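Coordinate inspection notes
Spelled out, the chains give:
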Amino acid sequence: MKTIKHPLETHHKACVNKAMLGWQKMSFIYDISGCDWHIETRKWEGAIRCTAIMGYAAIDIFIPSNRPLLRLHTTYQYCSKEAVIEVHEAGLKQFNQIVASGLIQVPQHIKAFVANQKYRADMIKYQKTNISPNTHL
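This write-up is about the structure you can find in this document. (Residues numbered from 1 in each chain as written. Predicted model: local features only at pLDDT ≥ 70, side-chain atom pairs only at ≥ 80, totals over all residues. Heavy atoms only, no water.)

1. A few points about the pattern of salt bridges
Definition in use: In the sections that follow, a salt bridge refers to a side-chain nitrogen of Lys or Arg positioned within 4 Å of a carboxyl oxygen of Asp or Glu. The classification of residues rests on relative accessible area computed with a 1.4 Å probe and restricted to protein chains. Under 20% of the type maximum is buried, over 50% is exposed, and intermediate values are partly exposed.
Tallied over the entire structure, the rule returns two salt bridges. As a salt-bridge pair, Glu40 and Arg42 come within 3.6 Å of each other at their nearest N and O atoms. Judged by relative accessible area, Glu40 falls into the buried class, the value being 15%. In this structure, Glu45 engages Arg49 in a salt bridge whose closest nitrogen and oxygen atoms are separated by 3.7 Å.

As structure tokens, then:
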């Protein structure tokens, strides 16, 4: 099994209670095999499920690719805040094991999609921060 020299760069959001959806926890992991990953835990079909999907994570949004969900951890129990956090941590541990074992293989067209989305986001950010010298205010 491979060992990771540096911890994965992650961004965790607080566990929130959505009115109709119940408790939900999300994490974003950046740049694993050229893609960003959105890991989400919530109640779904009578169980608490932790799933991951690849795509591109911008500052405020996540743009998923057209790949199926990677199911990390499932448990059948009452959905409380503590249970969602516990399942989410177990799912993150499973995801780290999958990354360390090298089982994540991203197709080339998905890497191109993510690179294109990053390029578009950088262009939009650049256009908002820089005003053309020919523009008269």
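Okay, back to it.
2. Description of the side chain of Asp36
Under the convention used in this document: Each helix is a run of DSSP H or I of at least 4 residues and each strand a run of E of at least 2, with the numbering of both proceeding from the N terminus. The contact criterion used is simple: two residues touch if any of their non-hydrogen atoms lie within 4.5 Å.
By the secondary structure assignment, Asp36 is in strand E4 (residues 35–44). Given a relative accessible area of 3%, Asp36 falls into the buried group. When near neighbours in sequence (up to four residues on either side) are disregarded, Asp36 contacts Ile29, Tyr30, Asp31, Ile53, Met54, Gly55, Tyr56, Ala57, Phe62 and Lys118.

3. Looking at the packing of aromatic side chains
Condition: Under the pairing criterion, centres of Phe, Tyr and Trp rings, with the six-membered ring standing for Trp, must be within 6.5 Å; the plane angle then separates stacked pairs below 30 degrees from edge-to-face pairs above 60, leaving the rest tilted. A positively charged side chain is recorded as over a ring if its NZ (Lys) or CZ (Arg) lies within 6 Å of the ring centre. The angle to the ring normal must also be within 35 degrees.
The full count for this structure, using the stated rule, is one aromatic pair. Arg42 extends its terminal NZ or CZ atom over the ring of Trp44, reaching a point 5.7 Å from the ring centre.

4. Points about the pairing of strand E5 (residues 47–57)
On a regular strand, each side chain points to the face opposite its neighbour's, so the side chains alternate between the two faces of the sheet. Just so we agree on the cut-off: When DSSP finds at least two bridges between two strands, those strands are taken to pair.
The buried count for E5 comes to eleven of eleven residues, which makes it a mostly enclosed element. As paired elements, E4 and E5 share nine bridges and run antiparallel to each other. The partner of Thr41 across the bridge, within E5, is Cys50. Linking E4 back to E5 in an antiparallel pair, the connection comprises two residues, with Glu45 at a positive phi of about 55 degrees. In this sheet, strand E7 (residues 70–75) lies alongside E5 in antiparallel orientation, the contact comprising five bridges. Paired with Cys50 across the bridge in E7 is His73. By the bridge criterion, three bridges tie E5 to strand E6 (residues 62–64) in an arrangement that is antiparallel. Considered in E6, the bridge of Ala57 is made with Phe62.

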